[in-house]
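# Overview (structure and organization)
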Amino acid sequence: MAPSEATYAVTGASGRLGGRIARRLAAAGIPQTLLARTPARAPQIPGATAVPGDYGDHDALVHALRGTDRVLMVSASESPHRLQQHRAFVDAAAAVGVAHLVYISFYGAAPDATFTLARDHWHTEQHIRASGLPFTFLRDNLYADFMPALVGGDGVIRGPAGEGRVAVVAQDDIADAAVAVLRDPGPHTGRAYELTGPQALTLTDVAATITAATGRPVSYVPETLEEAYASRGGHGAPDWQLDAWVSTYTAIGDGSLAQVTASISELTGHPAASLQQVLRPGPGSAPRP
């Protein structure tokens, strides 16, 4: 089926990654349906129609997805109920016979993954497999774009990552990969791609790169596990969220996020962007859609 003949639906278009993907489809002249909890908040994108699509509303999802060939499923907001919401979405997609589901998963998704939220992604993947839906999983490493958010007000990144490394990946590259799969899903059916940047960096490397890009002095100070929980315990976050925050660093520390892959270049035809390129684009570079 040619891209111009297929029908498309995108979730998460009001977010940074889903929005990038939706805008790329629009730039290619592809009409799409945007599923949103609050359609009025969906971005105004040429050729896009926003409809109700809360992950917990089965009837709305069935109505929104009926007649849709290719669907981008961005994971729901982090919560104790996220896996149930994912299963409800997948069940609705299967009920209406979606032709291909592209799920934004997480690098190294596994039932015992060090990063606790990657476990939900693995269980979601298993539910998709069991549903019989044709699928592609895009397992993103940590976002390169997110690295500056790790820096505290004192210019320090703190966490129990030791000298472990992480192959951070640009959201623009993930979006390019997702669009490539959505437009031609056939070769990618049943496959899972681990998406990374071109380098595995220590948090000391990350701090130095942020310093060079912004001019703000940034450093990395390792914490023990006990120190990490103590330093984050005063925010009133529930235990599951504290575990997620801390395990972001322990997953770096134990090497879970260190392997570099060529999946971005294989899917998009261009090399993956480095953290430096994400934070400080080169002269003359234009913003990507």
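Data block above holds the structure.
Everything in this summary refers to the structure shown in the same document. (Residues numbered from 1 in each chain as written. Predicted model: local features only at pLDDT ≥ 70, side-chain atom pairs only at ≥ 80, totals over all residues. Heavy atoms only, no water.)

## What to know about the overall build of the chain
Tallying secondary structure elements over the chain gives 10 helices and 9 strands in all. For the chain, the C-alpha radius of gyration of 19 Å lies close to 19 Å, the compact-globule estimate for 289 residues. Counting only C-alpha atoms and orienting by the principal axes, one finds that the chain spans roughly 50 × 45 × 35 Å. Sorting the 289 residues of the chain into buried and exposed places 48% on the buried side. Taking all contacts inside the chain whose residues are at least 6 apart in sequence as the whole, residues at least 24 apart take part in 74%. (Helix = DSSP H or I, 4+ residues; strand = E, 2+ residues; numbered from the N terminus. Rg over C-alpha atoms; globule rule 2.2 N^0.38 Å. Buried < 20%, exposed > 50% of the residue type's maximum accessible area, 1.4 Å probe, protein only. Contact = heavy atoms within 4.5 Å.)

## Points about the sheet that holds strand β5 (residues 100-106)
Pairing within the open sheet is parallel, and its 7 strands lie in the order β3-β2-β1-β4-β5-β6-β8. Two strands bound the open sheet, and with one partner strand each, they are β3 (48-52) and β8 (191-195). The mean inter-strand angle of the sheet, taken between neighbouring strand axes irrespective of direction, is 20 degrees. By the bridge criterion, 6 bridges tie β5 to strand β6 (residues 135-140) in an arrangement that is parallel. Within β6, the position partnered with Tyr103 by the bridge is Phe137. Helix-sheet contacts for helix α3 (residues 82-95) involve β1 (8-11), β2 (32-36), β4 (70-73) and β5, and the interaxial angle to β4 is about 180 degrees. (Pairing = 2+ DSSP bridges. Axes fitted to C-alpha atoms, helices over the stretch in contact; angles between N-to-C directions.)

## Section: helix α2 (residues 58-65)
Since the α-helix packs 3.6 residues into each turn, any two residues three or four apart lie on the same face. Listed in full, the buried residues belonging to α2 are Ala60, Leu61, Val62, Ala64 and Leu65. Against β1, β2, β3, β4 and α3 lie the buried residues of α2. Within two residues after α2, Gly67 carries a phi angle of roughly 85 degrees, on the positive side.

## A word on the environment of Ala26
For Ala26, the location among the structural elements is in helix α1 (residues 16-27). Judged by its relative accessible area of 17%, Ala26 falls in the buried class. In sequence terms Ala26 and Ile45 are 19 residues apart; their C-alpha atoms lie 6.8 Å from each other.

## Remarks on the pattern of salt bridges
Opposite charge on two side chains allows them to pair when their charged atoms are near. By the definition in use, this model includes 10 salt bridges. Residues Arg139 and Glu125 are paired through a salt bridge, measuring 2.7 Å at the closest nitrogen-oxygen approach. On the criterion of sequence distance, the pair formed by Arg139 in strand β6 and Glu125 in helix α4 (residues 117-131) is long-range, its members being 14 residues apart. Considered together, Arg139 and Glu125 belong to a single accessibility category, that of buried residues. Among the ionic pairs, Arg158 bridges to Asp154, the shortest N-O distance being 2.7 Å. For Arg158, a relative accessible area of 34% corresponds to the partly exposed category. (Salt bridge = Lys/Arg side-chain N within 4 Å of Asp/Glu carboxyl O.)

## Quick word on the packing of aromatic side chains
In the structure shown here, the tally under the stated rule is 4 aromatic pairs. Consider the rings of Tyr55 and Phe89, whose centres lie 4.8 Å apart with planes at 40 degrees: the pair is tilted. With Tyr55 in the loop between β3 and α2 and Phe89 in helix α3, this pair connects stretches of sequence that are 34 residues apart. As far as burial versus exposure is concerned, Tyr55 and Phe89 are alike and both buried. With a centroid separation of 4.2 Å and 20 degrees between ring planes, the pair formed by Phe135 and Phe137 is classed as stacked. In this structure an aromatic cluster arises from ring pairing among Tyr103, Phe135 and Phe137. (Phe/Tyr/Trp six-rings, centres within 6.5 Å; stacked < 30°, edge-to-face > 60°.)

## Observations regarding the nonpolar core
Among the nonpolar cores identified, the biggest contains 32 residues, and Ile21, Leu25, Leu72, Leu138 and Leu195 are the most heavily contacted of them. Breaking this core down by element, the ones donating at least two residues are β1, α1, β2, β5, α5 (171-183), β8 and α9 (263-268). The element best represented in this core is α5, accounting for 7 residues. Counting residues in each nonpolar core, the second largest holds 29 residues, with Leu203, Ala207, Ile210 and Ile252 among its members. (Core = buried A, V, L, I, M, F, W, Y, C linked by side-chain atoms within 4.5 Å.)

## Regarding the environment of Pro185
Along the polypeptide, Pro185 turns up in the loop between α5 and β8. Along the chain, Pro185 and Glu266 lie 81 residues apart, while their C-alpha atoms are 14 Å from each other.

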